[in-house]
Amino acid sequence: MELIRMERPPVPLSVLPPGSRGIVVALRAGRGLARRLMEMGLTPGVEVTVLRNSVGPIVVSVRGVSLALGRGVASKVFVRPL
Amino acid sequence: MPVVALAANPNVGKSTLFNALTGESAHVANWPGVTVAVNQGRVTHHGLEIVVVDLPGAYSISAGSAQAAEAVTGQFILEHSPDALVVLVDATAMERTMYMVVEALELTGRVVVAVNMMDVAERRAIHLDLDGLSSALGVPFVGISALKGWGLGVLLDRVVDVLEGRAGRRGPIRIDYGPLEPYILEISRILSRIGGLGRYPLRWLAVKVLQRDEGVLSLIGEADPTALSEVRRVISRAERDLRAPPEELVIESRYRFIERVLAGKIRTTRLVSVRLSSKLDEVALHPIVGPVFSLLLLLLSFTAVFAVNAGSPVDLILSSLGFEEAAVIISEYNLAGLVGSAFDYLTSIVSSALESAGLPAWLSSLTSEGVIGGLGLVFSFLPLVFTVFFLLGVLQDSGLMARVAISADGLFRRLGVSGRAVFPAVLGFGCSVPAVLATRAMDSDEERVTTALAVPLIPCQARMVVALALASSFSDSPSVQAAFLLALYGIQVLLYLVSIRVMRRMVVGPFPPPPMVMELPPYHVPSARVAWWYARTNAIHFLKKAGTILFAVNVGFWLLTHLGPGGYVEDPSGSVGALLGSALTPLTGLVGLGDWRVALTLVAGFMAREAVLTTLASISGAVDPTAAVSVLGLSPAQVASLAVLSMAYTPCAATISVMLQEVRLLGAVGKQVVYQLVLSFLMAAAAYWILSAFAG
């Protein structure tokens, strides 16, 4: 019998309120952007904390570094909220 | 002499370390096979002299012949096999900054890891087991604070250990890429058949291939196009079989490796809240307050810089407020003015000395106006260049630059560049020379070149002076004058914005700009020392590169205006330059300026835009430009045409010099100049013909 895991479904980073944490699940971006995001630390499986998300750029903390992302970019990073 | 290269992510303090090690010996150097000039210097440690090469900050190591920082880092390491490689990481951000270490260790074992910002880590109670990390990876880990000067001696000790073979790994590390391993093997086999890839480690190449690294792929394509298609097929197969892009798997494997290495080696005993930083960012990153705050910050700092260096625009502000004496003091006693006066003085001494020594007039004129005048021109920019870079250094170090760039990003991204273009743009209102130089602070090469080619369109202070003088000749009514100025300025700024798009298209092609992903470094109290190093290096670079070009142009211009058909002429109206002016009259006549004297002032305006006014006055024998206009009988339509032309017909010689220094592609700069020429002629024609029709 399979256990149904009650995990929260993944959402785009852009909808998470400040203070929330999550695990990156997927980067739905083109090759160049995905590569850049990953090199800067946003890889699937990593924990990310949202620092700012009102109007303007979204600021997240990942691997000890703060990154400012355009809204469009943030909406391509899919995160499972913790 | 052993060569040690410094590599790191941006914002990790590499420049601080480089300057702390090399000090005064830093200069810019070109290495064969490396597409960008790099900073280089010397350090002596226990009697051993070491060459230190500062590679550009990058997030990874690539290959190929691009100019991107990643490629340059790879080019240097692969072509020149430095005797040791120091990779800098941030003690407060080990997880992310270790990525570069891993990429380096996959290439070479002769690495020393310098863990910087140990002072900040200490303040935040972050503790690192550096010996444990050394054991885990087989290379020395040294804790340093480049800013405070901690650990530099120990760092150099370990570097010498690696140089003399007592430390470091015998070979690169080998990361287990799990399911990708069979594909790595297959690609390695294909690559081993290609000649001409000798210096590149096969496994490294194979992994880069799976990362779809453009530099490596084009390298393979050039060596053997068949092999390229073969490896591409392997990549597709890997993607299909593993149901995920191989490039992601590669990066993930590296990060998993880093996590395993770091596990248990970082301890934080107490988290210090970064409340102040957050509070500051609430202002700085706010969508409305942020841009206002940023704009104020920029205007204030740049006005201060320009006031000290050139007097403007503070002197104009003061005189319009009624403080005439203060205005005069500022416009006389500013750095550029002082340097200029010093050189004028020198010129007069030298020329009278030469004349009384009995030397011919042409030699005395060449020496004083050509040579000394040229030196004076170059050095008159020096204080401005220095202070601008100092300011940029402070903004960068404090973290404010990233916030200002983010505020401005909304405006600039639509045009194709990042918000960092706001710095050159604001500077451009003072002077195009530091504006073009300030593009160094931009992220990518394409953005740098695009911005450097567009920013000369912004009307600088010299052009403002010309515009003001011509406005008073255009009309007596102050409101018409104001409208005239506003129209001139407004069109120029619009032109600048459009030109960003045009230049980007020319440089990059019809590709949309990349979306914003910018690292937000924590706020720091900026260090004057760091800003000083930054300013000093760039000022010296300016003197050597752009300064030489400008000096040569100045001498060339002297020849143009002092050589006539019969030899030396004292009065430029008999020179080849004047003949050139006359030859141009059919062209300038198209915009209503068919008088050879006006054409000559345009030629003169190439060196410095204010020369338009002085030449206008001197050539017509009038006492000032306004009188000159009546002497020459120029109608308001013609004045308007001249004004429009003066704004943008060509970048001044100094601007072209720095454009050549920063852009380096003669073709691109040439196209930009032609672009400005054609555009301004079209607009001048429009102004002339429309206004003539109105005037009846």
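Preceding block: the structure.
What counts, and at which threshold
Residues numbered from 1 in each chain as written. Chains lettered and ligands numbered in written order. Predicted model: local features only at pLDDT ≥ 70, side-chain atom pairs only at ≥ 80, totals over all residues. Heavy atoms only, no water. Helix = DSSP H or I, 4+ residues; strand = E, 2+ residues; numbered from the N terminus. Buried < 20%, exposed > 50% of the residue type's maximum accessible area, 1.4 Å probe, protein only. Contact = heavy atoms within 4.5 Å. Areas by Shrake-Rupley, 256 points an atom, 1.4 Å probe, with all protein chains shown as cover. Lys, Arg positive; Asp, Glu negative; His and termini not counted. Charge placed at Lys NZ, Arg CZ, Asp CG, Glu CD. 1 Å grid on protein atoms, 1.4 Å probe; cavity = no way out; pocket = protein on both sides within 12 Å on 5 of 7 lines; lining within 4 Å. Points joined across faces, edges and corners; volume = space filled by probe spheres on them. Nonpolar A, V, L, I, M, F, W, Y, C, P; charged D, E, K, R; others polar. Salt bridge = Lys/Arg side-chain N within 4 Å of Asp/Glu carboxyl O. Pairing = 2+ DSSP bridges. Patch = residues over 30% accessible without salt bridge, like charges linked within 9 Å, V, L, I, M, F, W, Y side chains within 5 Å. Buried area = accessible area lost by both parts, 1.4 Å probe. Phe/Tyr/Trp six-rings, centres within 6.5 Å; stacked < 30°, edge-to-face > 60°. Axes fitted to C-alpha atoms, helices over the stretch in contact; angles between N-to-C directions. Parallel < 35°, antiparallel > 145°, perpendicular 65-115°, else oblique. Left-handed = near helix turned anticlockwise from the far one by under 90°.

A few points about the overall build of chain B
Part 1 of the reasoning: Within chain B, the regular secondary structure consists of 32 helices and twelve strands.
Part 2 of the reasoning: Residue burial in chain B is summarised as follows: out of 696 residues, 56% are buried.
Part 3 of the reasoning: Within chain B, residue pairs in contact and separated by at least 24 positions form 71% of the contacts whose partners lie at least 6 positions apart.
Part 4 of the reasoning: In the form shown here, chain B has an accessible surface area of approximately 28800 Å², with 64% of it arising from carbon and sulfur atoms.
Part 5 of the reasoning: Averaging the coordinates of the 49 positive side-chain charges in chain B and doing the same for the 54 negative ones gives two points 9 Å apart.

As for empty space enclosed by the protein
Sizing a probe to match a water molecule and rolling it over the atoms shows the empty space that remains.
Residues and elements named next belong to chain B.
Part 1 of the reasoning: Under the defined criterion, the tally for this structure stands at two cavities of 30 Å³ or more.
Part 2 of the reasoning: As a volume, the largest cavity reaches approximately 70 Å³.
Part 3 of the reasoning: At the level of secondary structure, the elements contributing two or more residues to the lining of the largest cavity comprise strand S1 (3-8), strand S4 (48-54) and helix H6 (152-163).
Part 4 of the reasoning: For the lining of the largest cavity, the leading source of residues is H6, giving three residues.
Part 5 of the reasoning: Across the lining of the largest cavity, the residue classes tally to ten nonpolar, no polar and no charged.

Considering the pattern of salt bridges
Residue and element names in this part refer to chain A.
Part 1 of the reasoning: All chains considered together, the criterion is met by 27 salt bridges over all chains.
Part 2 of the reasoning: For glutamate 47, the salt bridge goes to arginine 21, with nearest N and O atoms at 2.9 Å. Pair noted here: glutamate 47 is in strand S3 (residues 47-52) and arginine 21 is in strand S2 (residues 21-27), with a separation of 26 residues, a long-range link.
Part 3 of the reasoning: When its relative accessible area of 35% is taken as the criterion, glutamate 47 is described as partly exposed.

Some thoughts on the pairing of strand S6 (residues 77-81) of chain A
All names here are of chain A.
Part 1 of the reasoning: Within S6, four of the five residues are buried, leaving the element largely enclosed by the surrounding structure.
Part 2 of the reasoning: Both strand S1 (residues 11-12) and S6 contribute to a ladder of two bridges, which runs antiparallel. When the sheet's bridge partners are listed, valine 11 is paired in S6 with valine 79.

Thoughts on a nonpolar patch on the surface
Residue and element names in this part refer to chain B.
Part 1 of the reasoning: Where nonpolar side chains cluster on the molecular surface, the patch consists of Val283, Ile288, Val289, Val292, Phe293 and Leu296 and spans about 510 Å² of accessible area.
Part 2 of the reasoning: For the nonpolar patch, the element with the highest residue contribution is helix H13 (residues 289-310), accounting for four residues.
Part 3 of the reasoning: Within the secondary structure, leucine 296 sits in helix H13.

Thoughts on the interface of chain A and chain B
Part 1 of the reasoning: The partner chain B presents 30 residues to the 25 residues of chain A that form the contact.
Part 2 of the reasoning: Of all residues in chain A, Arg35(A), Glu39(A) and Arg63(A) give up the largest surface area on contact with chain B, accounting jointly for 27% of the area buried on that side.
Part 3 of the reasoning: The tally of links between chain A and chain B comes to three salt bridges.
Part 4 of the reasoning: The salt bridge partner of Arg63(A) is Glu95(B), with a shortest N-O separation of 3.1 Å.
Part 5 of the reasoning: Secondary structure elements with two or more residues in the side of chain A that touches chain B: helix H1 (31-39) and strand S5 (65-69) of chain A.
Part 6 of the reasoning: In terms of residue count, the dominant contributor to the side of chain A that touches chain B is H1(A) (seven residues).

Looking at the environment of Phe474(B)
Residues and elements named next belong to chain B.
Part 1 of the reasoning: Along the chain, the position of phenylalanine 474 falls in helix H22 (residues 461-474).
Part 2 of the reasoning: What makes phenylalanine 474 buried here is its relative accessible area of 16%.
Part 3 of the reasoning: Taking C-alpha positions, phenylalanine 474 is 10 Å from leucine 642, a pair spaced 168 residues apart along the chain.
Part 4 of the reasoning: What phenylalanine 474 contacts, discounting residues up to four positions off in sequence, is Val480, Phe484, Pro636, Val639, Ala640 and Leu691.

Focus on the side chain of Glu447(B)
Residues and elements named next belong to chain B.
Part 1 of the reasoning: Inspection of the secondary structure assignment puts glutamate 447 in helix H21 (residues 445-454).
Part 2 of the reasoning: Of the side chains with opposite charge, arginine 413 comes closest to the buried, unpaired glutamate 447, at an N-O distance of 5.0 Å.
Part 3 of the reasoning: If we ignore the near neighbours within four places in the chain, the residues touching glutamate 447 are Val417, Ser418 and Met442.

Observations regarding the packing of aromatic side chains
All names here are of chain B.
Part 1 of the reasoning: Following the criterion strictly, the structure yields six aromatic pairs over all chains and no others.
Part 2 of the reasoning: Ring geometry for phenylalanine 474 and phenylalanine 484: centres 4.4 Å apart, planes at 20°, overall stacked. Residue phenylalanine 474 is located in helix H22, and its partner phenylalanine 484 is located in helix H23 (residues 478-507); the two are separated by ten residues in the primary sequence.
Part 3 of the reasoning: Exposure remark for phenylalanine 484: the relative accessible area of 10% places this residue in the buried category.
Part 4 of the reasoning: Arranged with centres 4.9 Å apart and planes meeting at 75°, the rings of tyrosine 688 and tryptophan 689 form a pair that is edge-to-face.

Overview of the pairing of strand S3 (residues 38-45) of chain B
Along a regular strand, successive side chains alternate from one face of the sheet to the other.
All names here are of chain B.
Part 1 of the reasoning: Note: strand S2 (residues 27-29) against S3, three bridges, orientation antiparallel. Bridge assignment links valine 28 to a residue of S3, and that residue is asparagine 39.
Part 2 of the reasoning: Of the pairings in the sheet, the one linking S3 to S4 comprises seven bridges and is antiparallel in character. The residue bridging threonine 44 from the neighbouring strand is glutamate 49, located in S4.
Part 3 of the reasoning: In this structure, the hairpin formed by S3 and S4 is closed by a connection of two residues, where histidine 46 is found at a positive phi of approximately 50°.

Comments concerning a negative patch on the surface
Part 1 of the reasoning: A cluster of acidic residues, Glu355(B), Glu369(B), Glu570(B) and Asp571(B), forms a negative patch on the protein surface.
Part 2 of the reasoning: Following the sequence through the fold, Glu369(B) ends up in helix H17 (residues 361-398).

Structural notes on the sheet that holds S6(A)
Part 1 of the reasoning: The strand order across the open sheet built from seven strands is S1(A)-S6(A)-S2(A)-S3(A)-S4(A)-S5(A)-S10(B), with neighbouring strands paired in antiparallel fashion. Looking at strand neighbours, the two that pair on one side only are S1 of chain A together with strand S10 (517-519) of chain B, the edges of this open sheet.

Describing the packing of helix H8 (residues 202-210) of chain B against helix H9 (residues 214-223) of chain B
Residues and elements named next belong to chain B.
Part 1 of the reasoning: Axis separation between H8 and H9 bottoms out at 8 Å; the angle between their running directions is 110°. The angle between H8 and H9 falls in the class roughly perpendicular. Viewed along their axes, H8 and H9 form a crossing whose handedness is left-handed. Of the residues in H9, those touching H8 at Trp204, Leu205, Lys208 and Val209 are Val216, Leu217 and Ile220.
Part 2 of the reasoning: In the contact of H8 with H9, the residues fall into six nonpolar, no polar and one charged.

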